[in-house]
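Take a look at the letters that make up each chain.
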Amino acid sequence: MLVITGGLLHASPSARGELRDIVIDGDTIVDIVAPGSVHNANAATIDASRRLIIPGLINGHTHSHGGLSKGVGDLWSLEHLLNAAPWIGGRRATEHKHLAALINAVEQVEKGCTACYDLFFEFPSPTVDGMEAVASAYDRVGLRAVIAPMVADLTFYQSVPGLIEALPDDAREQARDLRIGEADATIAALRVIAAGWSHPADRIRLGIAPTIPQHCTREFMIGCRDIAREHGLAMQSHVSEPRYLSASSFKFAGMSMTETMDACGIVGPWFSAAHAVWINEKDMALLGSKGAQVSHNAGSNLRLGSGIAAVREYLRHGVTVGIGTDGSASSDNQNMFEAMRYATFVSRIRGLPPEEWLSTAEAFRMATEGSARILGMQDFIGKIARGYKADLVLLNLDTPNYMPLNNATHQLVFTEDGTAVDKVLISGKLVVSGGRAIGIDHAALAAQAQQVVERLSALNAQARHFAERIEPMVSNFCRGLADDDAMHALRRDISPGVCPRCGTAH
Ligand SMILES: [Zn+2]
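Starting from 1, residues in each chain are numbered consecutively following that chain's sequence as written. Only residues with pLDDT of 70 or above have their local features reported here, since the model is predicted, and side-chain atom pairs are shown and tallied only from 80 upward, although totals for entire chains, interfaces and linings are computed over all residues. The side-chain values count all of the structure's non-hydrogen atoms but skip hydrogen atoms and water molecules.

Ideal values for angles at a metal depend on the geometry: 109.5 degrees with four tetrahedral donors, 90 or 180 degrees with six octahedral donors. Water is not among the atoms examined, so metal sites may look incomplete; donors are the N, O and S atoms within 2.8 Å of the metal, or within 3.2 Å for Na, K and Ca. Those donors, His61 (NE2), His63 (NE2), His238 (NE2) and Asp326 (OD), are the protein atoms that reach the zinc ion, and they lie 2.1 to 2.6 Å from it. Each label reflects the angles at the metal, where four donors whose angles all fall between 85 and 135 degrees are tetrahedral, four or six donors whose opposite pairs open beyond 155 degrees and whose other angles stay between 65 and 115 are square planar or octahedral respectively, and the rest are irregular. Taken together, the 4 donor atoms coordinating the zinc ion span angles of 82 to 174° at the metal, a pattern that classifies the geometry as irregular. Along the chain, the residues donating to the zinc ion are arranged with the sequence spacing H-x1-H-x174-H-x87-D. With histidine 61 in strand β6 (residues 57–62) and histidine 238 in strand β10 (residues 234–239), the pair connects residues that are 177 residues apart, well separated along the chain. Histidine 238 shares its class with histidine 61; the two are buried. Only DSSP runs of H or I with at least four residues qualify as helices, and only runs of E with at least two residues qualify as strands; both kinds are numbered from the N terminus onward. Under the scheme applied here, a residue whose accessible area is under 20% of the maximum for its type counts as buried, over 50% as exposed, and between as partly exposed, the area being computed with a 1.4 Å probe on protein chains only.

Pasting the structure below:
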């Protein structure tokens, strides 16, 4: 038995929390009691005096392969990032996949996150070795996770109708020659991974992530869905993130990205849509009525200029909303406190009255209970309550973030930046102490990461040269799609702007 004593338990709506001791048996919270009321000489204790205790934050959308990619681009929208993906993440050996996931996991736990939904990409197809390399990184750090192989059967260039043809002759061949795993091979690989998955379901779960509907043929998406349904796996896809994809869906598929997913039988309680920026009321109603969720990744949406998701409207349609950081190639950190703050801030610049902005309590609930639902783990994580896993974060109240403590919930969202994280427990086990992940040699990890990215950047130099050469053409082409009449089909008031077709805001 373990007792966390003398801590201030965050308990909304109480502004300053409540003094409580938390009793843990194995990996589970068994009681929450008045301070000093446990008398058990055999119980281990953790002194939590001057500590604010919150449930671990849960990251609804990240990419572990992004662990080596912080700061790789600047004036990039999503199409720039997709164009650059072959050189950013190319030529990685199994140990590099482990290293990226390890760095991503260390950053998450040190910033108060205890579980994540990870869309992990391997080129050309997912492998058992790659998945195990990522799983072992989570094991090493102690982070709970859903690892979803991020899969597609079309390359970025194939996914944008007319793009390859629009490139100059020499570039056209190279873009055409780029190949991702064939649908059959990738589906077969997913089947092998799902059949052999042996990690405890409450710790490291398998998911499936057909990355973006336009990057997948219909047959491929149905194949993914079948495996997910057969094995009860949580699915996630990037849905309506940038304007060009949202608009081109209407133009080329004759329906929205959400409707495309639904036509493949993917939208259901097991499914979450990441980003979901350019979505109309019909799509929201569809997601809500089918019990699907949304991961709101406001930091990434700002960084890539994707837009602002209409979270208030999602809530009104009964959609469960979680919060995510996205991968470090597009946000560029794994700080869930910051992700909560962004979520509240962007809700306030959409022209809605203050009573419809996202409150700190709502953002906090999304980053805990909402994201837990995305992971399919809502029955045992996301709350500090009897019967829930002991995933706890102890924040040091003797840091400037809480001088003074006026309102715990407001300060968690508006003020906290991760610097007050002192201890983190996952499943009752201490994984962070003094703000540092236990058992991790940071200097060695930094040296290894530097060495690896230098080696990989030499190996990927040619791919980088190609991507940079065609970047302006790719960007112009995608922008052209976004300005097409198809944008008219979307609710324009979701993000501020004027409809390019009719010239009015609607
Ligand atoms: Zn993403």
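Here we take up the packing of helix α7 (residues 183–196) against helix α8 (residues 218–231). In a packed pair of helices, the relevant descriptors are the angle between the two axes and the axis-to-axis distance. At their nearest, the axes of α7 and α8 sit 10 Å apart, and the two run at 10° to each other. Classified by the angle between their axes, α7 and α8 sit roughly parallel to one another. Contacts between α7 and α8 involve Ala183, Thr186, Ile187, Leu190, Arg191, Ala194 and Ala195 from the former and Phe220, Gly223, Cys224, Asp226, Ile227, Glu230 and His231 from the latter. Each residue is assigned to one class: nonpolar for Ala, Val, Leu, Ile, Met, Phe, Trp, Tyr, Cys and Pro, charged for Asp, Glu, Lys and Arg, and polar for all the others, Gly among them. Classifying every residue of the contact of α7 with α8 by side-chain character gives 8 nonpolar, 3 polar and 3 charged. Geometry is summarised by axes, namely lines fitted to C-alpha atoms with helices restricted to the contacting stretch, and by angles between N-to-C directions that run from 0 to 180 degrees. When describing relative orientation, an angle under 35 degrees is termed roughly parallel and one over 145 degrees roughly antiparallel, while 65 to 115 degrees is termed roughly perpendicular and anything else oblique. Here, residues are in contact when the closest pair of their heavy atoms is within 4.5 Å.

Values of pLDDT, ranging from 0 to 100, describe the predictor's confidence in every residue of the model. Averaged over all residues, the pLDDT of the protein is 94; the fraction at 70 or higher stands at 95%. The low-confidence segment residues 491–498, where pLDDT is below 50, has 29 contacts with residues more than four positions distant or belonging to other chains.

Counted as salt bridges are all cases of a side-chain nitrogen of Lys or Arg within 4 Å of a carboxyl oxygen of Asp or Glu. All told, the structure shown has 22 salt bridges when counted by the stated rule. Aspartate 169 serves as the salt-bridge partner of arginine 172, at 3.1 Å between the closest nitrogen and oxygen. Within this pair, arginine 172 and its partner aspartate 169 are both found in helix α6 (residues 169–177), separated by 3 residues, close to a single helical turn. The closest approach of N and O atoms between arginine 469 and aspartate 170, which form a salt bridge, is 3.1 Å. Taken as a pair, arginine 469 in helix α18 (residues 461–482) and aspartate 170 in helix α6 lie far apart in primary sequence, 299 residues in all.

Ranked by size, the top nonpolar core spans 122 residues in total, and within it Ile147, Phe271, Tyr314 and Leu395 carry the most contacts. No other element matches the 8 residues that helix α2 (residues 94–110) contributes to this core. In this text, buried Ala, Val, Leu, Ile, Met, Phe, Trp, Tyr and Cys residues form a nonpolar core when linked through side-chain atoms within 4.5 Å. Formed by 15 residues, the second largest nonpolar core is a distinct cluster that contains Val146, Met150, Ala234 and Ile381.

It is worth spelling out unusual backbone geometry at this point. The amide bond that connects phenylalanine 123 to the next residue, proline 124, takes the cis arrangement and shows omega of 0°. Mapping proline 124 onto the fold places it in the loop between β7 (113–120) and α3 (128–141). The phi dihedral of arginine 50 is positive, around 60°, even though this residue is not glycine. Looking at the element boundaries, arginine 50 is found in the loop between β4 (44–47) and β5 (51–55). For histidine 275, which is not glycine, the phi dihedral falls at a positive 80°. Taking relative accessible area as the criterion, histidine 275 reaches 0% and is therefore assigned buried.

Once that is clear, we can look at the side chain of aspartate 153. Relative to the elements of secondary structure, aspartate 153 occurs in the loop between β8 (144–151) and α4 (156–159). Within the structure, aspartate 153 has its side chain in polar contact with the side chain of threonine 217 (distance 2.6 Å). Excluding anything up to four places from it in sequence, aspartate 153 contacts Gln158, Ile180, Gly181, Ala183, His215, Cys216, Thr217 and Phe220. Distance and chemistry together define a polar contact, namely a pair of N or O atoms within 3.5 Å, with one atom able to donate a hydrogen and the other to accept it when in protein, and with adjacent residues in sequence counting only for side-chain atoms on both sides.

Spacing of three or four residues puts side chains on the same side of an α-helix, whose turn is 3.6 residues. An expected span of 1.5 Å times one less than the residue number is assigned to each helix. Between its first and last C-alpha, α3 extends 20 Å over 14 residues, near the 20 Å set by a 1.5 Å rise per residue. If you check which residues of α3 are buried, you get Gly130, Met131, Ala133, Val134, Ala135, Ala137, Tyr138 and Val141. If you follow the buried residues of α3, they end up packed against α2, β7, β8, α7, β9 (204–210) and β16 (429–433). Looking at the residues trailing α3, positive phi occurs at glycine 142, about 95°.

With that settled, the discussion passes to the sheet that holds strand β13 (residues 320–323). The strands that make up a sheet pair up through hydrogen bonds in the backbone, lying either parallel or antiparallel. DSSP bridges decide pairing: two strands pair if at least two such bridges lie between them. With parallel pairing, the 8 strands of this open sheet are ordered in space as β6-β7-β8-β9-β10-β11-β12-β13. Looking at strand neighbours, the two that pair on one side only are β6 and β13, the edges of this open sheet. Pairwise comparison of adjacent strand axes, ignoring direction, gives a mean angle of 25° for this sheet. This element, α2, spans β6 and β7 of the sheet and lies at about 150° to β7. Of the strands in this sheet, β6, β7, β12 (293–296) and β13 are in contact with helix α14 (residues 336–346), which crosses β6 at around 75°.

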